[in-house]
Amino acid sequence: SQLYFADDVYLGKLRTDLEREEVKLKDVSVDLQHAVIATEDEYFEEHDGVVPKAIVRAVMQEFTNSSTQSGGSTLTQQLIKNQILTNEVSFERKAKEILLAMRLERFFDKEEILEAYLNMATLGRNSSGQNIAGVETAAEGIFGVKAKDLSLPQAAFIAGLPQAPFTYTPFTNRGELKEDLEAGLKRKNTVLFRMHREGYITKKQYDEAVAYDLKKDFIKKKKTPQEKYPWLMAELESRSIDILTEVLAEQDGYSKEDLENSDKLTKEYKIQADRKIRSGGYKIHSTINKKIYDQMQKTKDDYDMYGVTKTKTVTNEETGKEETVEEPVQVGAIMIENKSGRIISFVGGRDFKLEQTNHATHSHRSNGSTMKPLLSYAPALEYGTISPGTPIPDVEFSAASGSGAAWSPKNYSFNEKGLYPARYALAESLNISAARNYINIYDRNPFNQFLMKMGFDSLTKRDNNLALTLGAASQGVTVEENVNAYTTFANGGKFVDAY
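Presented here is an overview of the structure given in this document. Everything quoted here is computed from the prediction, not taken from an experiment. (Residues numbered from 1 in each chain as written. Predicted model: local features only at pLDDT ≥ 70, side-chain atom pairs only at ≥ 80, totals over all residues. Heavy atoms only, no water.)

Some points on the packing of helix α3 (residues 75-83) against helix α5 (residues 110-120)
Worth spelling out the cut-off: Between the N-to-C directions of two axes lies an angle of 0 to 180 degrees, each axis being a line fitted to C-alpha atoms and, for a helix, fitted only over the stretch in contact. Elements are defined by DSSP. Helices are runs of H or I of four residues or more, strands are runs of E of two residues or more, and each kind is numbered from the N terminus. Any angle that falls under 35 degrees is termed roughly parallel, while one over 145 is termed roughly antiparallel, one within 65 to 115 roughly perpendicular, and all others oblique. We call a crossing left-handed when the near helix sits turned anticlockwise from the far one by less than a right angle, and right-handed when that turn is clockwise. Whether two residues are in contact is decided by their heavy atoms: any pair within 4.5 Å suffices. Each residue is assigned to one of three groups, with Ala, Val, Leu, Ile, Met, Phe, Trp, Tyr, Cys and Pro labelled nonpolar, Asp, Glu, Lys and Arg labelled charged, and all others, Gly among them, labelled polar.
Across the interface, α3 lies against α5 with an axial gap of 10 Å and an inter-helix angle of 50 degrees. Judged on the interaxial angle alone, α5 and α3 are oblique. Crossing of α3 over α5 shows left-handed handedness. Along its contact with α3, which presents Leu75, Thr76, Gln78, Leu79, Asn82 and Gln83, the element α5 presents Ile113, Leu114, Ala116, Tyr117 and Met120. Considered class by class, the residues forming the contact of α3 with α5 number seven nonpolar, four polar and no charged.

What follows is the structure, given as structure tokens:
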């Protein structure tokens, strides 16, 4: 499945165990088609799914325990084995493979079978270290070209990979070029020999392709989208799975409420959604503006006034040795379009390698004084208990909290203003004035009447206390929830849920 920024700007593919991109036969170089046939199935154009003499030879080698094992599988048989059957070594499975291959030849023409094989074949790793399948993915991931633009030596190299993909692949699981490439290059020459033997290339083409220095064609290590945009890829993947979970459940007659009331049901459909999203070939379009997103990351990285990075000593679970771990001051930011609720950009944190938590969407913190307009001033204006010029006593007081203990809020500066107009008390974010104002309307329950209608899913009933107006919540809220709530002001009092 493929992910996109806003305006159809391509982001990358979702992580999967096997990277694969489908291609039509007409978009695969003729050299590669011939190389595969010459190497894997020289009688491909003539047989009806199996080559009897090859099967008899393979069976005899098996019975006599011969040191030479020639296989005997046609491309059609390989397609059946890899797409339908298992890798179990038994005569029963081989019999099924033969019968199904003969049947497949009756319903598919040779071009369809070859196209399916070229898209199915496992072909080692790409320059990002990902496991790959299919010739289009291999052409782009190994040589940086389309399958239709492969040169003869490149085509021969790819055609040789299916026999032992991870032996012949030029890349390690880290995406680095192997030091020893001899096995893959020898295999390439074997493919070229068979192409010449079968009459697909001339002696001159063969000699030139064998002499060609293929090492210079292997592309350099390439970062995966997950490495370039770790927080963004993780967030879009998570939200896509959540959406598909509801869609799949709805198709089976379950509502969103049914999922919310059953952890077992949610888990079941989440597993289905996770599988489907990785193999379904979806095109997933997001609201994220690439230019703004990139600039926000740059700004975050260039800023140098976060404060002191703490360090702590931890024991490495694998090695048992003590290591020093850095804990930098974190940052989370989000930009939401007020009217539509579109999330245009965000900053997930300082360094994904050090900490993977998305501090814009998942990290819970006190929202401090930013709660005052949402819970104290806006509801009071709505109720008509204050106007911008209403004087509020900014004088210390004590009130009974939910636990019965006395609560005495203080201003940040510890100064008291006396009678102070609401507009200035808000502008200067005075704690005492906000708390007094909230106490006057607390019995009207603005917590349920206003705050909980603005997307604060992290808050619970136990957070409904006097100190909440200063941001004192049991677990806190996310940056996304807070910014999303503020769009209510820009929308004339209407809350639009962010997405």
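A short note on the pattern of salt bridges
Put simply, the test is: For this document, the term salt bridge refers to a Lys or Arg side-chain nitrogen within 4 Å of an Asp or Glu carboxyl oxygen. Each residue is assigned to one of three classes by its accessible area relative to the maximum for its type, calculated with a 1.4 Å probe on protein chains only: buried under 20%, partly exposed between the two thresholds, exposed over 50%.
Per the stated rule, a full pass over the model turns up 25 salt bridges. Taking the shortest distance from any N to any O, the salt bridge between Glu105 and Lys110 comes out at 3.1 Å. A relative accessible area of 14% places Glu105 in the buried class. Between Glu327 and Lys312 there is a salt bridge, with the nearest N and O atoms lying 3.2 Å from each other. A residue pair is termed long-range when its members are at least 10 positions apart, and Glu327 in strand β8 (residues 322-327) and Lys312 in strand β7 (residues 310-315) qualify at 15 residues. Using a relative accessible area of 36% as the deciding quantity, one classes Glu327 as partly exposed.

Concerning the sheet that holds strand β4 (residues 122-125)
Condition: Here, strands pair whenever DSSP counts at least two bridges between them.
The strand order across the open sheet formed by three strands is β3-β5-β4, and the pairing between neighbours is mixed. Edge strands, defined here as strands with exactly one partner in the open sheet, are β3 (19-20) and β4. The pairing of β4 with strand β5 (residues 131-133) spans two bridges and is antiparallel. Each residue of the ladder has a partner; that of Thr122, found in β5, is Ala133. Set on the sheet, helix α6 (residues 135-143) makes contact with β3, β4 and β5; between it and β5 the angle comes to about 130 degrees.

Notes on the packing of helix α1 (residues 30-40) against helix α7 (residues 152-160)
The interhelical angle for the contact between α1 and α7, taken along N-to-C directions, is 40 degrees, at an axis separation of 8 Å. One way to sum up the angle between α1 and α7 is to call them oblique. Note that α1 runs across α7; the crossing there is right-handed. From α1, Asp31, Leu32, Ala35, Val36, Thr39 and Glu40 reach across to α7, where they touch Leu152, Ala155, Ala156, Ile158 and Ala159. Counted by class, the contact of α1 with α7 contains eight nonpolar, one polar and two charged residues.

Structural notes on the environment of Tyr168
In plain terms, the rule: In protein, a polar contact means a hydrogen-donor-capable atom and an acceptor-capable atom, both N or O and within 3.5 Å, with residues adjacent in sequence counting only if both atoms are side-chain atoms; elsewhere, any N or O pair within 3.5 Å suffices.
On the secondary structure map, Tyr168 appears in helix α8 (residues 165-168). The spatial distance from the C-alpha of Tyr168 to the C-alpha of Lys256 is 49 Å, given a sequence separation of 88 residues. In this structure the side chain of Tyr168 is engaged in a polar contact, spanning 2.9 Å, whose partner is the side chain of Gln163.

Thoughts on the sheet that holds strand β2 (residues 10-13)
Taken together, the three strands give an open sheet; going across it, the order is β2-β1-β6, and neighbouring strands pair in mixed fashion. Every other strand in the sheet has two partners, leaving β2 and β6 (283-285) as the edge strands with one partner each. Neighbouring strand axes in the sheet, compared pairwise and without regard to direction, differ in orientation by 20 degrees on average. Two strands pair when backbone bridges link them, and strand β1 (residues 2-4) and β2 are joined in this way by three bridges, in the antiparallel orientation. Following the sheet pairing, Tyr4 is matched in β2 by Tyr10.

A word on the pairing of β7
Counting buried positions along β7 gives zero out of six residues, so the element sits mostly on the surface. Pairing between β7 and β8: six bridges, direction antiparallel. Pairing of Val314 across the sheet is with Glu323, part of β8.

What is shown is where atoms sit, not what they do.
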